[in-house]
Amino acid sequence: MAGKDLNQKLNELISSLQDQGILDDYFDELKGLQDEQSPQFVTNTITIYLGGADDTIAELTKNLSEPAVNYPRVTYLADKLKGSSMSIGGARMADVCAELCDASEANKREACLALFGGVNREYSILQESLNKIVQLEQAIHDNEE
């Protein structure tokens, strides 16, 4: 596929994800930081985000499955995940993490568990979406070499 077609496909994907609320304008800002000096910036940032998010979600899973939930730790982890999600433009993910923070601060176990299910669902959607972006970014980069 020609580079122009790949760029168009990438732009259409990002636009669609923004229309669905999965990504917001922060992703455009992230993409704007990529240039000839750092052509893999978006791919590298996404890879770092996904690795960190996987670790944070694993720790949240562990904390929320304990008989006595450590609510301050859950709040910290949910806030950390919210911040990193916001920094890459993961709008819906950041929103559900904020709700989890609120439930954790209120020591509401059932609400935390329900919202954590939402975190997992939104992360799965965001992860799949970001992986598609990485694939297209890589194809564009490979095509330019």
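Overview of the structure. Everything numeric here is computed off the predicted structure, so don't read it as measured data. (Residues numbered from 1 in each chain as written. Predicted model: local features only at pLDDT ≥ 70, side-chain atom pairs only at ≥ 80, totals over all residues. Heavy atoms only, no water.)

1. Remarks on unusual backbone geometry
The backbone phi angle of N107 is positive, close to 55°, even though this residue is not glycine. The class of N107 is partly exposed, set by a relative accessible area of 48%. (Buried < 20%, exposed > 50% of the residue type's maximum accessible area, 1.4 Å probe, protein only.)

2. A closer look at the environment of S84
With respect to the helices and strands, S84 occurs in helix α4 (residues 71–87). The class for S84 is partly exposed, based on a relative accessible area of 27%. Through-space distance from the C-alpha of S84 to that of Q8 is 27 Å; in sequence the pair is 76 residues apart. Side-chain polar atoms of S84 contact the backbone oxygen of L81, separated by 3.2 Å. (Helix = DSSP H or I, 4+ residues; strand = E, 2+ residues; numbered from the N terminus. Polar contact = N/O pair within 3.5 Å; in protein donor to acceptor, adjacent residues only side chain to side chain.)

3. Quick look at the pattern of salt bridges
One pass over the full model with this rule turns up 5 salt bridges. The salt bridge partner of R73 is E59, with a shortest N-O separation of 2.4 Å. Taken together, the positions of R73 in helix α4 and E59 in helix α3 (residues 41–64) put the pair 14 residues apart, joining distant regions of the chain. The exposure class of E59 is partly exposed, given its relative accessible area of 28%. K132 is paired through a salt bridge with E128; the nearest N and O atoms lie 3.5 Å apart. (Salt bridge = Lys/Arg side-chain N within 4 Å of Asp/Glu carboxyl O.)

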